[in-house]
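Architecture and fold: a report
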Amino acid sequence: MANTPCSAAARPGRRVRLGAAWCGGRGGRRAARVPAAGRDRRPRRTPGRAERAAGRAAARSAVALVDLGWVNGKRIRKTVYGKTEKEVLGKLAELKDAQRKGQNLAARPRKFAEWLDEWIEMKKRQGTRPLTLRGYRQLIHDHVKPALGRKQLDKLTPTDVRRLVEAKAESGLSAATVKQVHGLIRNALADAEREELVHRNVAKLVKPPSVKRDEVRVLTIEEAKTLINAIKGDRLEAFWICALTLGLRRGELLGLRWHDIDFGNGLLTVRQSLQRADGSLQLVDPKTSRSRRVVPVPEPTLAALRKHKREQAAEQLAAGEKWKTSGLVFASTIGTPIEPGNLSTRWRKTRAKAGLDWLRLHYLRHACASFLIACGASPRTVMKTLGHSQIGLTMNTYAHVLPEVEREAVDAVAKKLFG
């Protein structure tokens, strides 16, 4: 129901109803109803000190009552106070504008902290990955709630968000983390706007900090050959080779099952990922919809996987009844999932053996993409292989490789044209 502003002609001491609003100045309270003749009535109770003080305060102010209609069989009204009738009229105009823009004025008032708790539960029901939810909770607990948690959700302003972003940046927090804080607030308010709890997303009006992308050191072909020689005979040799030649993420490889590999056609399907979240190892959906993909597997990688399968069968035989059937390609010596943290510890020893102490496990994914581009693969092909959600992510991450490929391409064309 639309909010009808109060008449500017309302006099102090009276409250007038126009459409859906009551308005009055200087205490404008409705007159008490007079009981019918002959009807008994209870004696009027003498108001206490607090009530008398409240009455005097109301007498010095203006008030408006906005009728929002019926919700679930209950009539909802919203009271607006102000020191003057002009102030009340201004607030009524703001309410009318918020309602016109889509805000549900009859919704239960809630603080921003309450909405964030609601929002986290909503994201959990929508299937957000446990590791992502853990990151959200950490940002909310450490940065958002202490600064903005007590604010009314529909009273948040761009200035509130801007001050938080600036304060976090000045405190020495990294630009990437400050951007994550801003992004979380923006996403939470976007859902609040869709739920008609706010009429605009104030975080959209605040510019997030720019994040300087550090240039990743790229593994060269010679260094890759050194690594391949160093991992020969390692129990997880096939894991390291898959990471280097297929560009799969750590969790995707740890969640890989034998029936995901088509040895006959040389194809591998990414269907799930292994993560530690909420104190346990969990198999979850891939990071994005594009992360669920089919990847062609080169013959040397298939050979490493066949060898690994034979070795795993021998481990199962040796374990006997202790073996836990999981179907995972990369499992522990008794068939259980490998702890991601333990894998990272093992990788540090492996890279040291190859003399590549700087090489993070995730850099094998970057190396795969760089090798593909250097061999002439299009950015679209690299995007599909890596499971990137957007082509822009691929272009920005591996832009340092593209100029060399472009130079080789134009030189090859010139050679064909001019001999």
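For the structure itself, look to the data block above.
Quick look at the structure, then. Numbers given for residues are sequential positions, taken from 1 along each chain in its written order. Restriction of local features to residues with pLDDT of at least 70 applies here, the model being predicted, together with a cutoff of 80 or more for giving and counting side-chain atom pairs; totals for whole chains, interfaces and linings are based on all residues. In computing side-chain values, all of the structure's heavy atoms are included and hydrogens and water are not.

**Description of the sheet that holds strand 9 (residues 293-296)**
Where strands meet in a sheet, backbone hydrogen bonds hold them as pairs that are either parallel or antiparallel. Each pair of strands is called paired provided DSSP finds at least two bridges between the two strands. Runs of H or I in DSSP of at least four residues are treated as helices and runs of E of at least two as strands, each being numbered from the N terminus. A sheet is described by the order of its strands in space; here three strands give the open sequence 5-6-9, paired in antiparallel fashion. Both edges of this open sheet fall to strand 5 (261-262) and strand 9, since each of them pairs with a single strand only. Relative to strand 9, strand 6 (residues 267-270) is paired through four bridges, and the arrangement is antiparallel. Looking at strand 9, one finds that Val 270 is bridged to Arg 293.

**Quick notes on the environment of Lys 179**
Positionally, Lys 179 belongs in helix 6 (residues 175-194). Contact between two residues is taken to exist if any of their heavy atoms lie within 4.5 Å; hydrogens are not considered. Excluding residues that lie within four positions of it along the chain, Lys 179 makes contacts with Pro 208, Pro 209 and Val 211.

**Concerning the packing of aromatic side chains**
Working definition: rings of Phe, Tyr and Trp (its six-membered ring) pair if their centres are within 6.5 Å, and the pair is stacked with planes under 30 degrees apart, edge-to-face with planes over 60 apart, and tilted otherwise. Applying the stated criterion across every chain yields a total of six aromatic pairs. With a centroid separation of 5.3 Å and an interplanar angle of 40 degrees, the aromatic rings of Trp 119 and Tyr 136 are classed as tilted. Here the residue Trp 119 occupies a position in helix 3 (residues 112-125), and Tyr 136 occupies one in helix 4 (residues 130-148), the gap between them amounting to 17 residues. Note on Trp 119: relative accessible area 1%, which makes it buried. On the numbers, 6.4 Å between centres and 40 degrees between planes, the contact of Trp 358 with Tyr 363 is tilted. Accessibility expressed as a relative area gives 21% for Trp 358, which makes it partly exposed. Note on classification: 1.4 Å probe, protein chains only; a residue is buried when its accessible area is under 20% of the maximum for its type, exposed when over 50%, partly exposed between these limits.

**Brief notes about the packing of helix 4 against helix 5 (residues 158-170)**
Here helix 4 crosses helix 5 at 135 degrees, and the two axes come no closer than 11 Å. By the criterion of interaxial angle, the relationship of helix 4 to helix 5 is oblique. Like other packed secondary-structure pairs, helix 4 and helix 5 cross with a definite hand, here right-handed. Where helix 4 abuts helix 5, its residues Asp 142, His 143, Ala 147 and Leu 148 lie against Asp 160, Leu 164 and Lys 168. Lys, Arg, Asp and Glu make up the charged group, whereas Ala, Val, Leu, Ile, Met, Phe, Trp, Tyr, Cys and Pro make up the nonpolar group; the residues left over, Gly among them, are polar. Looking at the contact of helix 4 with helix 5 residue by residue, the classes come out as three nonpolar, one polar and three charged. Here, axes are lines fitted to C-alpha atoms. For helices the fit covers the stretch in contact, and angles between N-to-C directions go from 0 to 180 degrees. The cut-offs work like this: below 35 degrees is roughly parallel, past 145 is roughly antiparallel, 65 to 115 is roughly perpendicular, and the gaps in between are oblique. With the far helix as reference, a near helix turned anticlockwise by less than a right angle produces a left-handed crossing, and one turned clockwise produces a right-handed crossing.

**Quick notes on the packing of helix 8 (residues 237-246) against helix 10 (residues 299-319)**
Between helix 8 and helix 10, the least distance of the axes is 9 Å, while the angle of their chain directions is 160 degrees. It follows that helix 8 is roughly antiparallel to helix 10 by the angle criterion. Where helix 8 crosses over helix 10, the handedness of that crossing is left-handed. Touching Glu 237, Ala 238, Ile 241, Cys 242, Thr 245 and Leu 246 of helix 8 are Thr 301, Ala 304, Leu 305, Lys 307 and His 308, all from helix 10.

**Thoughts on the pairing of strand 7 (residues 273-277)**
With four of five residues buried, strand 7 is to be regarded as a mostly interior element. Bridge count for strand 7 against strand 8 (residues 280-284) is five bridges, and the pairing is antiparallel. Bridge pairing in strand 8 links Ser 273 to Val 284. Here strand 7 folds back onto strand 8 in antiparallel fashion, the turn holding two residues, of which Asp 278 has a positive phi close to 55 degrees.

**Focus on the pattern of salt bridges**
Salt bridges are identified by distance alone: a Lys or Arg side-chain nitrogen within 4 Å of an Asp or Glu carboxyl oxygen. Inspection of every chain in the model, using the stated rule, returns 16 salt bridges. One salt bridge connects Arg 293 with Glu 252, and the closest N-O pair in it is separated by 3.0 Å. Of this pair, Arg 293 sits in strand 9 while Glu 252 sits in helix 9 (residues 250-254), and the two are 41 residues apart along the sequence. This pair shows no difference in class: Arg 293 is buried, exactly as Glu 252 is.

**Concerning the nonpolar core**
With 41 residues, the main nonpolar core has Phe 239, Phe 330 and Leu 364 as its most contacted residues. If you list the elements that add at least two residues to this core, you get helix 7 (221-230), helix 8, helix 9, strand 6, helix 10, helix 11 (340-353) and helix 12 (363-374). Among the elements that make up this core, the one with the highest residue count is helix 8 (eight residues). Not counting the four nearest positions on each side in its chain, Phe 330 is found in contact with Leu 236, Ala 238, Phe 239, Cys 242, Leu 253, Leu 254, Leu 256, Leu 305, His 308 and Ile 338. By convention a nonpolar core is built from buried Ala, Val, Leu, Ile, Met, Phe, Trp, Tyr and Cys residues, the set being connected through side-chain atoms within 4.5 Å. Among the nonpolar cores identified, the runner-up in size contains 27 residues, and Trp 115, Ile 120, Met 122 and Val 198 belong to it.

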